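Letter by letter, the chains look like this.
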Amino acid sequence: MIQLFTRDVVLSVRSGGGFGLALAFFLIVVVLMPFALGPDQFVLAKIAPGLLWLGALLACLLSSDRIFGMDYEDGTLELLATSPLPLESVYLAKSAAHWLTTGLPLSLAAPVFGLLLNLNLKVGGVLCLSLLLGTPALSLIGSFGATLTLGVRRGGLLLSLLVLPLYIPTLIFGALAVNAAALGKALDGSLLSILAISLGAIAVLPFFSAMALRANLQ
Amino acid sequence: MRTILGMKYFWPYFWKLANPKVFMRWSGLCLPWLIALTVLCLGTGLIWGFFLTPDDARQGSTVKIIYLHVPSAFIAINGYFVMVLGSLFWLVRRQHVSVLVAKASAPIGMTMTVIALTTGAIWGQPMWGTYWVWDPRLTSFLILFLFYIGYVALWAAIENQDKVADLTSVLALVGAVFAVLSRYAVLFWNQGLHQGTTVTVADGVNQKNISSIFFQPLLLSMIGFGLLFLTLLLVGTRTEIRAQRLQVLEGLEKLK
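Residues numbered from 1 in each chain as written. Chains lettered and ligands numbered in written order. Predicted model: local features only at pLDDT ≥ 70, side-chain atom pairs only at ≥ 80, totals over all residues.

With that settled, the discussion passes to the overall build of chain A. The helix and strand tally for chain A stands at nine helices and zero strands. The C-alpha radius of gyration of chain A comes to 18 Å, within 12% of the 17 Å expected for a compact globule of 218 residues. On the principal axes, the C-alpha backbone points of chain A span a range of 55 × 35 × 30 Å. By residue count, 54% of the 218 residues in chain A fall in the buried class. (Helix = DSSP H or I, 4+ residues; strand = E, 2+ residues; numbered from the N terminus. Rg over C-alpha atoms; globule rule 2.2 N^0.38 Å. Buried ≥ 20, exposed ≤ 12 C-beta atoms within 10 Å, placed from the backbone.)

Structure, rendered in structure tokens:
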């Protein structure tokens, strides 16, 4: 399991795959926003928390079809299925690798990108924390969606259609937490709710994803 | 469990419906009666509601949209529930009829969601002054609609029937968890404009929120919508079963 995890991390870092790409995508989304909405500093600061969460979420989503796609095409996934490692662990290892190469860098970069949107660093800290707690859920849900759309050719659109509704609760609580911090309010349990969603996803989704993988590989 | 429910004799017969042949025979027998009952209930309920009830003191005749809005919203939620149950039974018992029931339930529920949203918007324009607000109830219905779309789209995307049945069932189960989660998450996110539930089961016939002049036809049209759902569900499932048979026959033909 650890070997699979390191293999996935190394692959995505070295082969020019998801690693920098998600981050660059996130940056571009953040840069495009002021062009669409005007350069007014107050407006930008007001909508920055939601924008940054949305950007991170989309970056996470767009990189999630690569989690299983390549391995499915070249047959690695079938080998993994016949190995003694249960598919639940395969799913967990791959999601963890995805999180380490997209979720973690996105969370760390978010406060810095926030400066572009006139978001002060203190709020940026809360943003970083909320993303750190929330991106595991995003990775897990994304790779769950990837297991569902494995066999579909050009499944990218379908994947977003399936995954985006599942992202709603995480997004709501994430944006709530950062908005509360921006208004100087107490964090009223939003961060805990994000954590709860992430932990719940870790507990439940492996079994469903393994079921979907088995259906796809039979 | 069976004896506790007092349905010792019901469940064995219920599970026999998982045999497509038995299902086709029974649904074929029930269908004409169901259609007749649906027309009766829905016709009476709607005509009674639309033409024979007085206008509301403040809302005028717009109040009458309730006879479409409430029943369709009721079916929209229960359609998802049927979908989840069908999927669960498929994953546990591997009987094709149950997953086909789930498949047939999705488009009906989706349509009902659209009807509920549309009638709500039409009522909202004169009453709230806007077609749409991001109110928790409205928002969670929109989210429910998105979940329906995802489910239907996944069915359409994959050819292999057993595989797609497994995948959509998994999606329906996970989707149900997240739909409920979203339902409560939006409560934190925005304060509501939509009134609370008008019709509660616990309240029975002594409804406090609604005058009985309006309630009786409403109850009738809710029953009518329930029967309509059941009818459409049976028709849809029968179509799916026939489509599967056709596929098998075509496969056999190719083998020759």
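Moving on to the overall build of chain B. Looking only at helices and strands, one finds seven helices and zero strands in chain B. Moving toward the C terminus, one meets the helices and strands of chain B in the order α-α-α-α-α-α-α. Residue burial in chain B is summarised as follows: out of 256 residues, 36% are buried. Long-range pairs, those at least 24 residues apart, make up 76% of the contacts in chain B with a sequence separation of at least 6. (Contact = placed C-beta atoms within 7 Å.)

Here the focus is the nonpolar core. Core analysis: the largest hydrophobic core is formed by 135 residues, its most contacted members being A:Phe26, A:Ala56 and A:Leu106. When residues of this core are assigned to their parent elements, the largest contribution, 17 residues, is made by helix H8 (residues 156-182) of chain A. (Core = buried A, V, L, I, M, F, W, Y, C linked by C-beta atoms within 7 Å.)

It is worth spelling out unusual backbone geometry at this point. One non-glycine residue with positive phi stands out, namely A:Asn118, at about 60°. Assignment of secondary structure puts A:Asn118 in the loop between helix H6 (87-116) and helix H7 (121-148). Backbone geometry places B:Arg94, a non-glycine residue, at a positive phi of 55°. Residue B:Arg94 is classed as partly exposed on the basis of its C-beta count, with 13 C-beta atoms lying within 10 Å.

Our focus in this paragraph is helix H9 (residues 190-217) of chain A. Along its 28 residues, H9(A) runs 39 Å from first to last C-alpha, staying within 8% of the 40 Å computed at 1.5 Å per residue. At A:Leu205, H9(A) shows its strongest bend, of approximately 40°, with the proline A:Pro206 following within four residues. (Expected span 1.5 Å × (residues − 1). Bend = angle between axes of the 7 residues up to and from the residue.)

A few words on the interface of chain A and chain B. Facing the 19 residues of chain A at the interface are 23 residues of chain B. Every element with two or more residues in the side of chain A that touches chain B is listed here: H7, H8 and H9 of chain A. Looking at which element gives the most residues to the side of chain A that touches chain B, the answer is H8(A), with ten residues. In terms of residue class, the side of chain A that touches chain B is built from 17 nonpolar, two polar and no charged. (Nonpolar A, V, L, I, M, F, W, Y, C, P; charged D, E, K, R; others polar.)

Residue and element names in this part refer to chain A. It is the contact of helix H3 (residues 41-62) with H8, at a shortest axis distance of 9 Å, that shows an interaxial angle of 150°. By the angle class used here, H3 and H8 are roughly antiparallel. As for how H3 packs across H8, the hand of that crossing is right-handed. Residues Pro-49, Gly-50, Trp-53, Leu-57 and Leu-61 of H3 touch H8, and the partners they reach there are Ser-160, Val-163, Leu-164, Tyr-167, Leu-171, Gly-174, Ala-175, Val-178, Asn-179 and Ala-182. Of the residues contributing to the contact of H3 with H8, the split by class is eleven nonpolar, four polar and no charged. (Axes fitted to C-alpha atoms, helices over the stretch in contact; angles between N-to-C directions. Parallel < 35°, antiparallel > 145°, perpendicular 65-115°, else oblique. Left-handed = near helix turned anticlockwise from the far one by under 90°.)

The subject of this paragraph is helix H2 (residues 20-51) of chain B. All names here are of chain B. The first and last C-alpha atoms of H2 sit 43 Å apart over 32 residues, in line with the 46 Å expected at 1.5 Å per residue. Where H2 bends most, at Leu-31, the angle is about 35°, and the proline Pro-32 comes one to four residues later. Turning to H2, its buried residues are Phe-23, Thr-38, Cys-41, Leu-42, Gly-45 and Gly-49.

Here we come to the packing of helix H3 (residues 66-93) of chain B against helix H4 (residues 96-128) of chain B. Residue and element names in this part refer to chain B. Orientation of H3 relative to H4, taken along the N-to-C sense of each, is 160°, at an axis distance of 7 Å. When the axes of H3 and H4 are compared, the pair comes out roughly antiparallel. Seen along the crossing, H3 lies across H4 with a hand that is left-handed. Classifying every residue of the contact of H3 with H4 gives 18 nonpolar, eleven polar and one charged.

Let us now look at the environment of A:Val29. Residues and elements named next belong to chain A. Relative to the helices and strands, Val-29 resides in helix H2 (residues 18-37). Considered as a pair, Val-29 and Ser-63 are 34 residues apart in the sequence and their alpha carbons are 15 Å apart. The residues contacting Val-29, other than those within four sequence positions of it, are Gly-55 and Leu-58.

This part is about the confidence of the model for chain B. On average, residues of chain B score 83 in pLDDT, and 86% of them reach the 70 mark or higher. Of all the helices and strands in chain B, helix H1 (residues 10-16) of chain B carries the lowest mean pLDDT, 74, while H3(B) carries the highest, 90. (pLDDT = per-residue confidence, 0-100.)

On to the environment of A:Leu104. If you trace the backbone, A:Leu104 turns up in helix H6. Put simply, A:Leu104 and A:Leu132 are 28 residues apart on the chain and 6.6 Å apart in space, counted from C-alpha to C-alpha.

Now for the confidence of the model for chain A. Caution is warranted with low-pLDDT regions, since their predicted coordinates should not be read in detail. Here chain A averages 85 in pLDDT, while 95% of its residues score no lower than 70. At the low end of the mean pLDDT range in chain A sits helix H1 (residues 2-14) of chain A, at 73; at the high end sits H7(A), at 90.

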